[in-house]
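Summary of the model geometry
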Amino acid sequence: MSGDLPGATDAAFRRLSPAERTAACLVGLAHLPGLGPATLRRCHLEHGAEESWFDIASGHHRRVVPVVEQLARMKPAVTDKMLKEASTRDVVADLRRQQQPGWGLHVLGTRAYPERLARDPDAPAVLFTCGDLGLLSRPTVGIVGTRNATLAGRQLAESMAAELARAGVAVVSGLALGIDGASHRGAIGIAADAGPVAAVGVVASGLDVVYPRRHLDLHRRVASSGLMVSETPAGVRPDAWRFPARNRLIAGLSDAVVVVESRIAGGSMHTVDEALIRGVPVMAVPGPPGAPASQGTNQLLFDGANLARNAADVLLAIGVDPHLGAAPPHGSAPPEAPEPTPAELSVLDVLEATPSSLAEVVAATGRTVEEVAHALSTLEIAGRIGRSGAWYEVSAAGRSGR
Amino acid sequence: MLASIPSAIVIGVDGIPVTVEVHVGNGIPGLTIVGLPDASCREARDRVRAAVMAAGITWPNRKITINLAPSDTRKVGSGLDLAMAVGVLVACGELKADNVAGLAFVGELGLDGTVRPVPGVVPRVDAVAEDHVVVPWRSSADAALVSGRTVHGVRTLREVFDALAQESRLWPLHPVPEPDVVEQVVADLADVRGQDALCDALELSAAGGHHLLMIGPPGAGKTMLASRLPGLLPDLDARTAMETSRVHSAAGLTLGGLVTRPPFRAPHHSTTMVALVGGGSESMRPGEVSLASGGVLFLDELGEFPPAVLDALRQPLEEGVIRVSRARFSAVLPARVLMVAAMNPCPCGEAGRPGACRCPDGLLARYRRRLSGPLLDRFDLRVHVDRPAVAALLGGEPGTPTAQRAERVLLARERARERGVEVNSQLGGAQLEEAAPLHIDAENLLKGALTSGRLSARGLSRIRRVALTLADLGGHRGPLLAPQIAAAMALRVDVTGTNGIAA
C-alpha cells in the first residue's frame, strides 16, 4: 500500500518507528478538509490511522467506513478537496513540524495520553501540547465567559483565577479576549516557587498560531510556563467550526466549569452544554439583573447551576479545602476611601445598572458635565470605576464597596 | 491701431490683473489670441465676433491679434471676453480710446451679445487698478462689495457700446438684481431633546474654536447637532466676511451680498482630495475647506473618507491656510475652519458598550484604524453620542435655545480676544501658561493622568485650552479648577482605546 506514495516520502516514512508512523498519519488526517475530530477518532479506532491515511491518499477512500459516512453528509466537492489534499500532503514533514522542543504529541490509546481526556467520550485521536502536562493531574477549573466582558467581570475572573491557582488548582480557559484572557492572567500572576504556572490554555488553532493576535504575550507566557493544549495541527488557522470543538476540550479537561459573564446565546453556553453532557458541575457568577453581559449567567442560576460568588464557592464544589491557599492576595489593604459625595453616589447608581457614557450619566443624573466629570475622575482614581474608550463602568471594587 | 484694456483673471481666490492688448492691422482677416489662453479662453474668438455683430456693429475684416499680458500666466475661462470685445472696437476705431480710459471690464459674452456673469467677480474687481469697473449686471451686487470701485452693471455689449460712444459715458441704470440665494436657515438647539451634554460640547466647540468629533450609533442625532453649530457662531468680522465672500465668489457661488454668517459645508465622504483642499484645474479652484473658511466644515461618516484625503487636512487645520502648488502655479487658499466630524463606531448600535456590543473585535479595530492618530489628535473634543432616551424625546423639556448659548459663546470669545487671540484654541504654549494657571487640585489631577499614561504631553495643552474655554463659558476667572480639567478630559474620549474589550 505504501508503494502508492511518491518515492522520497515513502523512504522517509519507512525510517519512522511504528508509533511515529501512526502519529504522522494522524497529523496528516487532521489536516484534511471535511475530516473533523469525530471522524478522525473513528478512523483511528475503527480503521487504523495508517490504513486510513494510505487508503485516502491512494484514492481508495471508500474503504474507510467512517470517512464514507462523514462524506455522505457533505457536498460532493468536499470529497474532491479531501482527495486532492491527501494526495499532495507529506505526512513526514507534517510530523516533523510538530516535533519542536517542549511540544508533545499524544495519540489516543497510548500511555502518554492525558488520562483526563482518555476517558472522554469525544477524546481527540491526537492531542498537541506545549508545556507541563503535570498540571492536568491537579484539580482543574474551567473559567469561561464572553469576549466583550465588563470591567467588573474581567476583574472578578482574574481574582478568582488567582485564588484558585493559589489553592493549587489549574485554571483552564480558551485564551480568547475578555473573561478567558482575564482568568489566564489571574492564574499566571500567581507564580508558585519554581513550579509551573497553573494556567491551561485550550486553543482552536495550531499551537504556533496566535489567535487573537492581541493575546500574543499571554499566549507566550502560558506556552512557556503553563500548558497549551490543541487538537489542531501546527500552522492551521482557527476556522469557525473549531471553536465549539475546542469548547468540548475545556469541558473535558475541567473538574468544574465557571461561567463569569455570558449573554443568553454565547459560546460559553456551548461549553456549559458540553460540561453537562460530561457530568461536569457548572457554576455561574451572578450579575446585576438587566445587565446584558450577565443575562446568560443569571439564566444558568435560575436553571439550577451552582452559585459561584467567589473562589471559595468553587473550591468547595470541587472538594478542595478553601483554606489551603495562602493569605488573601491584597496584603496591603486598599487605602481608606473618603466618603463619596452625593454627586459620586448618583454617578455610581447610574453605572451600576449598565456601563454608560459621559452624556448618558449627565442625562440620568441631571447634573452638569463638570460635576459628573469630576465625580467620574475621582471615582476612577479611587479604583471604583474603570474606563474603556467612551464607556465608564463600575469595577469589582466599586460593586462590592457599597 | 492698438488698444489696451484692463481686466483680470482668478487663480485660487486671488485676482490677477490682465491687460488685453488688441492690434488691428493689415493682413489676412482673422483673429489670433496669444498670451497662454486655455481652450475656454481661446474660444472667445468666436464669441467676441458673434457678440460684436449681434450688437449691430460691423466686424472689422482685418487681421486682429489679441495679446493677454502678462503673457507667461495661463489664462483660464471666459471672463476676458468683454475686455477683448471692447479692445477690438477701440482698435478698429469704433470707440474712442479716451472714452474707455480708466475703465476695467469683466464678463463673458453670449453669441447674442449678452454679458454673462463669471466666477470670481469679487477678486477680479479687487485686482484691477482702475476705479471704474464694468461687470455683468447679475454680478453687480457682488462687485460692489469691493470698496473704492465704481461698478457699472451691464446686460449687453450694445449697452456698453452706447455708453462708451459718448464722452459723458451715460451708463444704463438697472435695478439692483435680486439675489437668488436661498437663505440658509439654521435650526434651533431648543428642538434637541435629551442631549444636554452634547449641546454643551457644541457650545464649547463654538466658543473655543475646538474641533469636535462625535462618535455614536446611527440615529443618535450627530448630523442634526452639527447642522445647528453655525447658529452658535457670531457674525463674521469685516475681514473674514470679505475673505469668505472672495472665496465663494471665486468658486462661482452666488453671494447675494457680503457673506456675514459663518458658512456650513458638509462634503460627502466620496469627495476627492482636490475637491476638499482645492486645486485641480489651472484655475486652482478653492476646495470645500476654503469654502467653509470662517465657518464649519462638517465631515459626516469620517471613517468612510479615504485616509489620504483626511491626512491632507492636517496641515491646513494647523496653519489656517492651504498652499496648493502645481508645476506652474501655486496658490494660498484660506482654511480657517471649525472642523466637526461624525462617525459610527460599529454597526450594532451599542458602540462597543462593555457587555452589550455584539460586534467582533476585528470590526471595531478596522473602523478605528482608518483614522490616523495625528488627525484624531486635532480634535480637542471627542465626545460619545448616544441615542436619546425615549422619555426625553417625547415630552422632555426643550433644550437651551441657540440664542442663549450664542450669547455665552460671544462673551467667551470676548475673553479670548482679551488674551490676544480670536479663540482659545489658538493660544500658544506661553500664552496658555499665562492665561490658564492651575489650581492645586487641578494640577494633581493632571499629574495623575500623566503618570498613569492616560494623557500624553500633547494632550495636556489641548485639555488646558478646553478647560479654559469651559471656565470662560461659566464666567469663572482665576486658576482652573479640578472639575473643569476633569470635564475637559472626559470630553476627549480615547477613540483608539480598547473599547471595552480586554487586551
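Up top you'll find the structure we're talking about.
Residues numbered from 1 in each chain as written. Chains lettered and ligands numbered in written order. Predicted model: local features only at pLDDT ≥ 70, side-chain atom pairs only at ≥ 80, totals over all residues. Heavy atoms only, no water.

Across its full length, chain A holds 19 helices and twelve strands. Within chain A, the proportion of its 402 residues that are buried is 55%. Summing over all exposed atoms, chain A offers an accessible surface of approximately 17,000 Å²; the carbon and sulfur share of this is 54%. The average position of the 38 basic charges and that of the 41 acidic charges among the side chains of chain A differ by 6 Å. (Helix = DSSP H or I, 4+ residues; strand = E, 2+ residues; numbered from the N terminus. Buried < 20%, exposed > 50% of the residue type's maximum accessible area, 1.4 Å probe, protein only. Areas by Shrake-Rupley, 256 points an atom, 1.4 Å probe, with all protein chains shown as cover. Lys, Arg positive; Asp, Glu negative; His and termini not counted. Charge placed at Lys NZ, Arg CZ, Asp CG, Glu CD.)

Quick look at the pattern of salt bridges now. Residues and elements named next belong to chain A. All chains considered together, the criterion is met by 38 salt bridges over all chains. One salt bridge connects Arg42 with Glu69, and the closest N-O pair in it is separated by 2.9 Å. Of this pair, Arg42 sits in helix H3 (residues 37–47) while Glu69 is found in helix H5 (residues 65–72), placing the two residues 27 residues apart along the sequence. A salt bridge links Arg309 to Asp313, with the shortest nitrogen-to-oxygen separation between them at 2.9 Å. (Salt bridge = Lys/Arg side-chain N within 4 Å of Asp/Glu carboxyl O.)

Further remarks concern the nonpolar core. One recurring pattern in soluble globular proteins: nonpolar side chains tend to sit buried together. Residue and element names in this part refer to chain A. One finds Trp53, Ile56, Ile143, Met160, Leu164 and Val200 to be the most contacted residues of the largest nonpolar core, which totals 99 residues. Counting residues per element, this core draws most heavily on helix H2 (residues 18–30), which supplies seven residues. Each of domain 1 (2–99) and domain 2 (115–324) accounts for three or more of the residues forming this core. Not counting the four nearest positions on each side in its chain, Ile143 is found in contact with Ala157, Met160, Ala161, Leu164, Val171, Val172, Ser173, Ile179, Asp180, Ser183, Val258 and Val260. (Core = buried A, V, L, I, M, F, W, Y, C linked by side-chain atoms within 4.5 Å. Domains from an automatic or database assignment. Contact = heavy atoms within 4.5 Å.)

Right, let's talk about the sheet that holds strand S9 (residues 150–154) of chain B for a bit. Strand pairs in the sheet, formed through backbone hydrogen bonds, run parallel or antiparallel to each other. Residues and elements named next belong to chain B. In spatial order, the strands read S5-S8-S9; together these three strands make up an open sheet with parallel pairing. Because the sheet does not close on itself, it has two edges, and the strands there are strand S5 (103–105) and S9. Across the sheet, the mean angle from the axis of one strand to that of its neighbour is 25 degrees, orientation sign disregarded. Strand direction decides the pairing type here: strand S8 (residues 132–136) and S9, joined by five bridges, are parallel. Bridging across to S9, Pro136 finds its partner in Val154. Docked against the sheet, helix H7 (residues 157–165) engages S5, S8 and S9, running at close to 170 degrees with respect to S5. (Pairing = 2+ DSSP bridges. Axes fitted to C-alpha atoms, helices over the stretch in contact; angles between N-to-C directions.)

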